[in-house]
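# Per-entry structural report
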Amino acid sequence: MATRETIVIDGSVLEGGGQILRNGMALSCLLRLPIKVDKIRAGRDKPGLRPQHLTGILLVRDLCGGKLVGATEGSTEISFTPSKNQGGNFKADTKTAGSTCLLIQVALPCLVLAQQPSVLDLRGGTDASMAPPVDYFSQVFLPIASRFGFNVEIQLIKRGFYPRGGGEVRVVTKPVDQLTAITLMDRGDIRRIHGTAFVAGKLPDKVSKNMADSATRLIKSAYPDIAVDIKAIREPPNRAEGIGTGIMIVAETSNGCLLSGSALGERGVPAEKVGETAAEALLKDLRHGGCVDEYLQDQLIIFMALAAGTSKIRCGPMSLHTETAIHIAEKLTDAKFSIQPIQEGSEGEGCIIQCTGIGYRRPTP
């Protein structure tokens, strides 16, 4: 293959976090584009690569047998020269409570378009701050993202929490030749709202019950005619490492849309408040009338860019993460995005994100 010019990515632009690194590495791997990312997380309290970022980029390096320079904890600059995106069986461990879900984010675009089926065994935090919980991937992300045409299974083996981590997740993928564009323009009516509040370790059962009850009360005050079923459970000792608690709530609509709100328990924060935080996050997204929630919005961008055809998604207000994902996609691909502002629901201005994808096809073996 002819040598390609290295594309330089400013890691401090827009949202300025690990998402730039994840999307940049994934697209580099797929398109075999050499990249250099500088000023990594330059605006953060602790700039540079943290353990979960380092583990993620090393995983992508291994997926394609590429060359990665500067991959050390705290580094603010890396260079990556990819090779063939093979897939296969891999293990990755943040060795901290760093999010396994962020490892899934960086690897998944590569795996669904790899040369062979893959199995990832991941260790780290499954329910971590500043990242979606693992339940979000299996219950919200995958049912929607699979409309692009890929086949992925996520198995939660054991939950892991701050500070020890130790959670275990298995990801099984069967690759496809090409992704197909999706359209999510009509949310439909809310049919039901369900969820789970859990405790693990030494925490009493009343913690999960209080989270579930407070979330249910707040949701029923806004939607008194909608069925709400939030279960309070205890994770058995073999299904959780350490002590933790959390709640995730999902709204299902008549057109198959899924929107979610979640929260993690914290020392000193009443369980009732944790439940209300998750409920309010869901209610905020339901008010804007869009087809996806705030956290799914940006995660779909890379797949829209890669797919064949034109994707259209009706959203609430466009997040900075989404703006950043679009910036990276346009920098590394020929995908064409357009944003149409719309007045959407009681939460103010929403938007329609449209993308004509590049129709990427996985190379023949």
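For the structure, check the block above.
## Section: the overall build of the protein
- Helix and strand counts for the protein stand at nine helices and 17 strands.
- Against the compact-globule benchmark of 21 Å for 365 residues, the protein has a radius of gyration of 20 Å, which places it among compact chains.
- Dimensions of the protein, computed from C-alpha atoms along their principal axes, come out at roughly 60 × 45 × 40 Å.
- For the protein, the residues scored as buried account for 54% of the 365 residues in total.
- Relative to all contacts within the protein whose residues are 6 or more apart in sequence, the contacts with residues 24 or more apart total 75%.
- Of the roughly 15,400 Å² of accessible surface on the protein, 48% is carried by carbon and sulfur atoms.

## Examining the sheet that holds strand 11 (residues 227–234)
- Strand order across the open sheet formed by four strands is 11-10-13-14, with mixed pairing between neighbours. Two strands close off the open sheet at either side, each with one partner strand: strand 11 and strand 14 (258–264). Across the sheet, the mean angle separating the axes of adjacent strands is 15 degrees when strand polarity is ignored.
- Two elements, strand 10 (residues 190–200) and strand 13 (residues 244–253), share 10 bridges in a ladder whose sense is antiparallel. Counted as the bridge partner of A200 is G244 from strand 13.
- This element, helix 4 (residues 134–145), spans strand 10, strand 13 and strand 14 of the sheet and lies at about 165 degrees to strand 14.
- Taken strand by strand, helix 6 (residues 271–287) contacts strand 10, strand 13 and strand 14, and its axis lies near 155 degrees from that of strand 14.

## Observations regarding the sheet that holds strand 4 (residues 78–81)
- An order of 1-2-4-3 is seen for the four strands of this open sheet, with the pairing classed as mixed. Strands at the two margins of the open sheet, each flanked by one partner only, are strand 1 (7–10) and strand 3 (67–69). Strand after strand, the sheet turns through a mean of 15 degrees between neighbouring axes, direction not considered.
- Looking at chain direction, strand 3 and strand 4 are connected through three bridges and run antiparallel. By the bridge assignment for strand 4, K67 is matched with T81.
- Here helix 1 (residues 18–31) sits on the sheet and contacts strand 1, strand 2 (35–38), strand 3 and strand 4; the angle it forms with strand 4, its principal contact strand, is near 20 degrees.

## What to know about helix 9 (residues 320–332)
- With 13 residues, helix 9 extends 19 Å between its outermost C-alpha atoms, agreeing within 8% with the 18 Å of an ideal straight helix rising 1.5 Å per residue.
- Every buried residue of helix 9 is accounted for by T322, T324, A325, I326, I328, A329 and L332.

## A few points about the side chain of R187
- Tracing the sequence through the fold places R187 in the loop between strand 9 (183–184) and strand 10.
- For R187, which is buried and forms no salt bridge, the nearest opposite charge comes from D186, at a distance of 7.6 Å.
- A polar contact is formed between the side chain of R187 and the backbone oxygen of L286, at a distance of 2.9 Å.
- A distance of 3.3 Å separates a polar side-chain atom of R187 from the backbone oxygen of G290.
- Excluding residues that lie within four positions of it along the chain, R187 makes contacts with T253, S254, N255, C257, L259, D285, L286, G289, G290 and C291.

## Some remarks on the packing of helix 1 against helix 3 (residues 100–111)
- At their nearest, the axes of helix 1 and helix 3 sit 8 Å apart, and the two run at 20 degrees to each other. The angle between the axes of helix 1 and helix 3 places the two elements in the roughly parallel class. In the crossing of helix 1 with helix 3, the sense of the turn from one axis to the other is right-handed. Side by side, helix 1 and helix 3 meet where R22, M25, A26, C29 and L30 of the first sit next to L102, Q105, V106, P109 and C110 of the second.

## Here we look at unusual backbone geometry
- Following Y162, the chain continues into P163 via a peptide bond in cis, with omega recorded as 5 degrees.
- Positioned with a positive phi, L14 is a non-glycine residue whose angle comes to about 50 degrees.
- Given the relative accessible area of 34%, L14 is considered partly exposed.
- Of note, K95 is a non-glycine position whose phi angle comes to about 60 degrees, a positive value.
- Following the sequence through the fold, K95 ends up in the loop between strand 5 (89–93) and helix 3.
- Of the residues examined, K95 reaches a relative accessible area of 70% and is grouped as exposed.

## Examining the pairing of strand 5
- Side chains F90 and A92 project from strand 5 onto a buried face, and the interleaved N89, K91 and D93 project onto a face without burial.
- The sheet contact formed by strand 5 and strand 6 (residues 118–124) spans five bridges and is parallel. Its bridge partner being in strand 6, D93 is matched across the sheet by R123.
- Handedness of the crossover joining strand 5 and strand 6 through helix 3: right-handed.

## Quick word on the environment of E294
- As for its placement among the helices and strands, E294 is situated in helix 7 (residues 294–299).
- When the C-alpha positions of E294 and K284 are compared, they lie 9.4 Å apart, and in sequence the two are 10 residues distant.
- If we skip the residues at most four places from it in the chain, E294 touches D285 and S319.

Conventions we followed
- Residues numbered from 1 in each chain as written.
- Predicted model: local features only at pLDDT ≥ 70, side-chain atom pairs only at ≥ 80, totals over all residues.
- Heavy atoms only, no water.
- Helix = DSSP H or I, 4+ residues; strand = E, 2+ residues; numbered from the N terminus.
- Rg over C-alpha atoms; globule rule 2.2 N^0.38 Å.
- Buried < 20%, exposed > 50% of the residue type's maximum accessible area, 1.4 Å probe, protein only.
- Contact = heavy atoms within 4.5 Å.
- Areas by Shrake-Rupley, 256 points an atom, 1.4 Å probe, with all protein chains shown as cover.
- Pairing = 2+ DSSP bridges.
- Axes fitted to C-alpha atoms, helices over the stretch in contact; angles between N-to-C directions.
- Expected span 1.5 Å × (residues − 1).
- Lys, Arg positive; Asp, Glu negative; His and termini not counted.
- Salt bridge = Lys/Arg side-chain N within 4 Å of Asp/Glu carboxyl O.
- Polar contact = N/O pair within 3.5 Å; in protein donor to acceptor, adjacent residues only side chain to side chain.
- Parallel < 35°, antiparallel > 145°, perpendicular 65-115°, else oblique.
- Left-handed = near helix turned anticlockwise from the far one by under 90°.
- Right-handed = clockwise from strand over helix to strand, strands pointing away.

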